[in-house]
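Take a look at the letters that make up each chain.
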Amino acid sequence: MSFDARVPPGPIDRKWTLCKNDLKLVSPTNKRKYDIIVVGTGLAGASAAASLAELGYNVKAFCFQDSGRRAHSIAAQGGINAAKNYQNDGDSVGRLFYDTIKGGDFRARESNVYRLAEVSASIIDQCVAQGVPFAREYGGTLANRTFGGVLVSRTFYARGQTGQQLLLGAYSSMARQIKKGKIKMYPRQEMLDLVVIDGVARGIITRDLVNGELQKHEGHAVLLCTGGYSNVFYLSTNAKGCNTTAIWRAYKRGAYFANPCFTQIHPTSIPVHGDYQSKLTLMSESLRNDGRVWVPKKKQDTRPAHAIPVEERDYYLERKYPTYGNMVPRDVASRNAKIVCDEGYGVGPTGQAVYLDFEDAIKRDGKEVIRQKYGNLFHMYEKITGENPYRAPMKIFPAPHYTMGGLWVDYHLESNLPGLFVLGEANFSDHGANRLGASALMQGLADGYFVIPYTLGNHLATAKLDKVTTHHPAFEEALNAVRGTIDRLLRINGTRSVESYHRELGRIMWNHCGMSRSESGLKDAIEKIRALREDFWKNVKVLGSHAEFNQDLERAGRLADFFELGELMCRDALDRKESCGGHFREESQTEENEAKRDDANYCYVSAWEYQGDNQVPKLHKEALNFEAVHLTQRSYK
Ligand SMILES: Cc1cc2nc3c(=O)[nH]c(=O)nc-3n(C[C@H](O)[C@H](O)[C@H](O)COP(=O)(O)OP(=O)(O)OC[C@H]3O[C@@H](n4cnc5c(N)ncnc54)[C@H](O)[C@@H]3O)c2cc1C
């Protein structure tokens, strides 16, 4: 099986150009002979589907929502990065590249990250041409703001609804192709298996979520654009439907899973408020442009925020990181919030929160300016907490938010299984051990609009793809496997709800594979997950039947995959004895509690190969070679 990252030769700033020059093309008349399966219609999937259909391919697009427009991407609030340097504040492709590599704590593939920075400016042009209403300055030029881990303003935004507006742009392009007959849209269909024939991805098995019918779909290539897996933690900022099933089932068919333990805990979520909560709400990182983070200097201080004088407040990020202040990257901000709360300085009824305060910004700029920038976020906060953030500081706490890990892909975004491409949050590609804010939307759209249209053509033009139909035995075998799992789940008829198992798995993951990890904790977690999983397969009660709209059954199938993924995440975290980015191994920290990398031993991508149920997966290592940047200990002081 291929495990070659296919990084093109040449200097870093020429690699993509040289690669494109070498890629084989499919002629315009031949493109219509190819059927491409795109699973997922978030920003990565919608942009890919629209671009490929525009080129002339026949696209079949799948999503589990009732409309492609409801993909989780719609929730993205803060913005999208691009090295346009509109602010004339020193930005460049090179700087965006460096910030992203450093932000990821030097655990991403250099060549992919450079390409991301290189195409970033084109994304903005494309979206503006589609009519995406980015915020503008008084004179009409596009406005920018700053996100964490950088010293320039390069984040384009549409109030606090950037994802929604970008998705409307991509979805409109898709809808145009649906109308033209080049995209066939399959909403409310869940991919439950990948079909591999002679080592090449050639199709998928789906379940119609409305009537339960299992379907077989063949294609010349399969693109998985199925988003992230933060819901393994149960409580996360992701949409409730986000799950790992598509990539997990592909992993079980032979695709390598890379860096599964690299997860991002976002510093500014509304804190957990009770045992029965099922969802966490993000307060966008953009708020840290104007909001100041602080806790009282006195432990267990129960005075309301306004009664605590300034000299009795600890603006700990500004104190510890004078250069970046409140705009340190997410992993650093989250870890510091945990430290102050663990030490007893946390606020609110649980002591598991810190303040994000706009008092100074409102005094400086006026309420109206703040309302214009963040009005919908403030409104959302007030609706959920009953507190008015114009008057009292927000209370925030870190929460699972994004997964940097995902299926392993090479420079072409192709997995080790030929014909299986993975885009957006579902792949591991560009963010290393910590993603910088506003870089996920950039990556999803870079993959879909500007990378896959080239690299997919090369695969189709060079691979020998015999005609296959859904009558091939591999389709039957996969369909029977899916049916078997569904029947097994429904047959258990135990006593415990799917939700309660998920909640318990989430707690194990959060406690042992969350913001900090240790050898003993991870070993303990693996035992606990195995025991819980065994119990699940004996005692879960899945309501209803297969041949109907049955969300309990959907959730049970996804949870079965989360159990296995959770174990792999712990195994990966156990293997990586260094700390890097969001992966904080307690055994590996500096005297100032910062993440301490071990480049001599861990400068690699972990790519795990499935070996069978209950077998220990095999670890492959892709060495990370840095030619354009020097490895340094990250500092944001
Ligand atoms: C609250 C929040 C705010 C954010 N704000 C920002 C921001 O401001 N800037 C930024 O850069 N990033 C932000 N992010 C991250 C960013 O939104 C996501 O990383 C990005 O939108 C993921 O896009 P995607 O296309 O990869 O996947 P998604 O948008 O998650 O789409 C996944 C698609 O796959 C489909 N799918 C999944 N599994 C299956 C299956 N088995 N069968 C069929 N279909 C399937 C779904 O139906 C959906 O269409 C935010 C994230 C959150 C949680």
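Residues numbered from 1 in each chain as written. Predicted model: local features only at pLDDT ≥ 70, side-chain atom pairs only at ≥ 80, totals over all residues. Heavy atoms only, no water.

A. Summary view of the packing of aromatic side chains. Within the structure shown, the criterion is met by 25 aromatic pairs. Between Phe378 and Tyr390 the ring centres are 4.6 Å apart and the planes differ by 50°, which places this aromatic pair in the tilted class. Taken together, the residues span a long stretch of sequence, with Phe378 in helix H11 (residues 367-385) and Tyr390 in the loop between H11 and strand E15 (394-403) at a distance of 12 residues. Like Phe378, the residue Tyr390 is buried in the burial classification. (Phe/Tyr/Trp six-rings, centres within 6.5 Å; stacked < 30°, edge-to-face > 60°. Helix = DSSP H or I, 4+ residues; strand = E, 2+ residues; numbered from the N terminus. Buried < 20%, exposed > 50% of the residue type's maximum accessible area, 1.4 Å probe, protein only.)

B. Up close: the environment of Gly160. Position of Gly160 among the secondary structure elements: in the loop between strand E4 (155-156) and helix H6 (162-180). In this structure the C-alpha to C-alpha distance between Gly160 and Ala82, which are 78 residues apart in sequence, comes to 17 Å.

C. Just the domain arrangement of the protein chain, in detail. Domain boundaries in the protein chain define domain 1 (266-400) and domain 2 (492-623). Domain 1 and domain 2 are separated by 29 Å when their C-alpha centres are compared. Summed over both partners, the interface of domain 1 with domain 2 comes to about 930 Å²; 56% of that surface belongs to carbon and sulfur atoms. Summed over the three residues of domain 1 that lose the most area to domain 2, namely Asp331, Arg335 and Lys338, the buried surface amounts to 46% of that side. Across the domain 1-domain 2 interface, the total number found is 0 salt bridges. Remark: the boundary between domain 1 and domain 2 carries 4 residue pairs in polar contact (both at pLDDT 80 or more). (Domains from an automatic or database assignment. Buried area = accessible area lost by both parts, 1.4 Å probe. Salt bridge = Lys/Arg side-chain N within 4 Å of Asp/Glu carboxyl O. Polar contact = N/O pair within 3.5 Å; in protein donor to acceptor, adjacent residues only side chain to side chain.)

D. How the structure looks around the sheet that holds strand E10 (residues 257-258). Pairing is antiparallel in the open sheet, where 4 strands are placed in the order E16-E10-E20-E21. Strand pairing shows two members of the sheet lacking a second neighbour, strand E16 (406-407) and strand E21 (618-623), which therefore form its edges. As paired elements, E10 and E16 share 2 bridges and run antiparallel to each other. Bridge pairing links Ala258 to Gly406 in E16. Docked against the sheet, helix H16 (residues 551-575) engages E10, strand E20 (604-609) and E21, running at close to 140° with respect to E20. (Pairing = 2+ DSSP bridges. Contact = heavy atoms within 4.5 Å. Axes fitted to C-alpha atoms, helices over the stretch in contact; angles between N-to-C directions.)

E. Highlighting the pairing of strand E12 (residues 292-296). Counted residue by residue, E12 has 4 buried out of 5 residues, so it is predominantly covered. Here 3 bridges tie E12 to strand E14 (residues 354-357), and the two strands are oriented antiparallel to one another. Residue Arg292 lies in a different strand from E14, and its bridge partner there is Asp357. Examined bridge by bridge, E12 and strand E13 (residues 313-314) share 2 bridges and lie antiparallel to one another. Across the sheet, Pro296 pairs through a bridge with Arg313, a residue of E13.

F. Here's a closer look at the site of the ligand. The local shell around the ligand holds 37 residues, among which Gln65, Ser73, Gly78, Met191 and Glu425 are the closest. At 3.1 Å from an oxygen atom of the ligand is found a main-chain nitrogen or oxygen belonging to Leu43. Contact between the ligand and Phe64: an oxygen atom at 3.1 Å from a main-chain N or O atom of the residue. Contact with the protein chains covers 97% of the free accessible surface of the ligand, which is 1000 Å². (Near = heavy atom within 4 Å. Areas by Shrake-Rupley, 256 points an atom, 1.4 Å probe, with all protein chains shown as cover.)

G. Layout of unusual backbone geometry. Here Asn259, not a glycine, exhibits a phi torsion of approximately 45°, which is positive. Phi at Gln300 takes a positive value of approximately 45°, unusual for a residue other than glycine. Here Gln300 shows up in the loop between E12 and E13.

H. Highlighting helix H4 (residues 93-103). Taken together, the buried positions of H4 are Leu96, Phe97, Asp99, Thr100, Ile101, Lys102 and Gly103. On its buried side, H4 packs onto helix H5 (110-130) and helix H12 (439-462). Immediately downstream of H4, the backbone of Asp105 shows phi near 55°, a positive value.

I. The arrangement of the state of the cysteines in detail. A complete count under the given rule lists 0 disulfides for this structure. Here Cys19 stays free of any disulfide, with the sulfur of Cys225 as its closest cysteine sulfur at 19 Å. No disulfide involves Cys225; its nearest neighbouring cysteine sulfur is the one of Cys63, lying 12 Å away. Judged by its relative accessible area of 6%, Cys225 is buried. (Disulfide = S-S within 2.5 Å.)

J. Representation of the nonpolar core within the structure. Counting residues in hydrophobic clusters, the biggest one holds 151 residues, and the most contacted among them are Ile36, Ile80, Leu223, Leu224, Leu407 and Leu420. Per-element accounting of this core gives the leading share, 12 residues, to H16. Listed in part, the 30 residues of the second largest apolar core include Val328, Ile370, Tyr374 and Tyr636. (Core = buried A, V, L, I, M, F, W, Y, C linked by side-chain atoms within 4.5 Å.)

K. Expanded view of the pattern of salt bridges. In total, this model carries 52 salt bridges according to the counting rule given. Between Lys252 and Asp613 there is a salt bridge, with its nearest N and O atoms 3.6 Å apart. In this pair, Lys252 is assigned in helix H7 (residues 245-252) and Asp613 in the loop between E20 and E21, connecting sequence segments 361 residues apart. For Lys252, a relative accessible area of 28% corresponds to the partly exposed category. When its relative accessible area of 45% is taken as the criterion, Asp613 is described as partly exposed. Between Arg364 and Asp290 there is a salt bridge; the shortest N-O distance is 2.8 Å. Linking Arg364 in helix H10 (residues 359-365) with Asp290 in the loop between strand E11 (263-269) and E12, this pair joins segments that are 74 residues apart in sequence. In this structure Arg364 comes out as exposed when scored by relative accessible area, which is 53%. Linked through salt bridges whose partners overlap, the residues forming this network are Asp105, Arg107, Asp331, Arg335, Arg576, Glu578, Arg597, Asp599 and Arg634.

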